[in-house]
Amino acid sequence: MLIYKQESYNIIGVCMEVHKELGKGFSEIVYGDALEIELKNAGIHYQREVKFNITYKEYLLPHYYVADFIINKIILEIKAIESLTKSHIKQTLNYLAASKIKLGILVNFGEDSLTYKRIIL
């Protein structure tokens, strides 16, 4: 059974709408701005650029991770690149571990068609 199935479906639908309207070629920040508009219009509660501290053993590290979006206990990580790689998936897994969130959706606006991956910790 998929966790957060309906929420994931809604998030991916919003991302598809943004990609349909803008296509590829913009920077991540532009897609993020457009996503905010679509999320608000859809009545989906979200937080943007949420900071998560990282600890090493018992030490709080001076650097931190910033999630692009947190939507209904899901991290939405957006990219605007030629194609997703294993390193992007590993990065998202690290973000999930740091945030203690179970599901991440990694979305790439940089291809002809929107691509995405559900990543579960």
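Computed from a predicted structure; not experimentally measured. (Residues numbered from 1 in each chain as written. Predicted model: local features only at pLDDT ≥ 70, side-chain atom pairs only at ≥ 80, totals over all residues. Heavy atoms only, no water.)

A. Region of the structure containing the pairing of strand 3 (residues 74–79). Counted residue by residue, strand 3 has six buried out of six residues, so it is predominantly covered. Side chains Ile74, Leu76 and Ile78 project from strand 3 onto one buried face, and the interleaved Ile75, Glu77 and Lys79 project onto a second face that is buried too. With six bridges joining them, strand 3 and strand 4 (residues 103–108) adopt parallel strand pairing. Considered in strand 4, the bridge of glutamate 77 is made with leucine 106. (Buried < 20%, exposed > 50% of the residue type's maximum accessible area, 1.4 Å probe, protein only. Helix = DSSP H or I, 4+ residues; strand = E, 2+ residues; numbered from the N terminus. Pairing = 2+ DSSP bridges.)

B. Layout of the pattern of salt bridges. The final tally for this structure, using the stated rule, is five salt bridges. Across the salt bridge formed by lysine 20 and glutamate 17, the nearest N and O atoms sit 3.4 Å from each other. Pair noted here: lysine 20 and glutamate 17 are both in helix 1 (residues 5–22), with a separation of three residues, about one helical turn. Look at lysine 20 and you get exposed, because its relative accessible area is 64%. (Salt bridge = Lys/Arg side-chain N within 4 Å of Asp/Glu carboxyl O.)

C. Summary view of a nonpolar patch on the surface. Taken together, the side chains of Tyr56, Tyr59 and Leu61 present a nonpolar region at the surface, about 330 Å² in accessible area. Residue position: tyrosine 59 is located in strand 2 (residues 59–71). (Patch = residues over 30% accessible without salt bridge, like charges linked within 9 Å, V, L, I, M, F, W, Y side chains within 5 Å. Areas by Shrake-Rupley, 256 points an atom, 1.4 Å probe, with all protein chains shown as cover.)

D. Spatial organisation of the side chain of aspartate 68. The topology assignment puts aspartate 68 in strand 2. Lysine 79 is the oppositely charged side chain nearest to the buried, salt-bridge-free aspartate 68, at an N-O distance of 5.9 Å. Within polar-contact distance, the side chain of aspartate 68 engages the backbone nitrogen of isoleucine 78 at 2.8 Å. Setting aside residues up to four positions removed in sequence, aspartate 68 forms contacts with Gln47, Arg48, Glu49, Leu76, Glu77 and Ile78. (Lys, Arg positive; Asp, Glu negative; His and termini not counted. Polar contact = N/O pair within 3.5 Å; in protein donor to acceptor, adjacent residues only side chain to side chain. Contact = heavy atoms within 4.5 Å.)

E. Summary view of the nonpolar core. In this structure, Cys15, Leu35, Phe69, Ile71, Leu76 and Phe109 are the most contacted members of the largest nonpolar core, which totals 21 residues. Broken down by secondary-structure element, the contributors of at least two residues to this core are helix 1, helix 2 (28–41), strand 2, strand 3 and strand 4. The element that contributes the greatest number of residues to this core is helix 1, accounting for five residues. Aside from chain neighbours lying at most four places away, what touches isoleucine 71 is Ile11, Leu39, Ile44, His45, Tyr46 and Leu76. Core analysis: the second largest hydrophobic core is formed by 12 residues, Phe52, Ala67, Ile101 and Ile119 among them. (Core = buried A, V, L, I, M, F, W, Y, C linked by side-chain atoms within 4.5 Å.)

F. Up close: unusual backbone geometry. Despite not being glycine, lysine 73 has its phi angle at roughly 65°, a positive value. Assignment of secondary structure puts lysine 73 in the loop between strand 2 and strand 3. Notably, lysine 100 is not glycine yet its phi reads approximately 65°, a positive angle. Examined against the element boundaries, lysine 100 turns out to sit in the loop between helix 3 (86–99) and strand 4.

G. Examining the environment of serine 83 more closely. The residue serine 83 is located in the loop between strand 3 and helix 3 in this model. For serine 83, a relative accessible area of 37% corresponds to the partly exposed category. When the C-alpha positions of serine 83 and lysine 20 are compared, they lie 18 Å apart, and in sequence the two are 63 residues distant.

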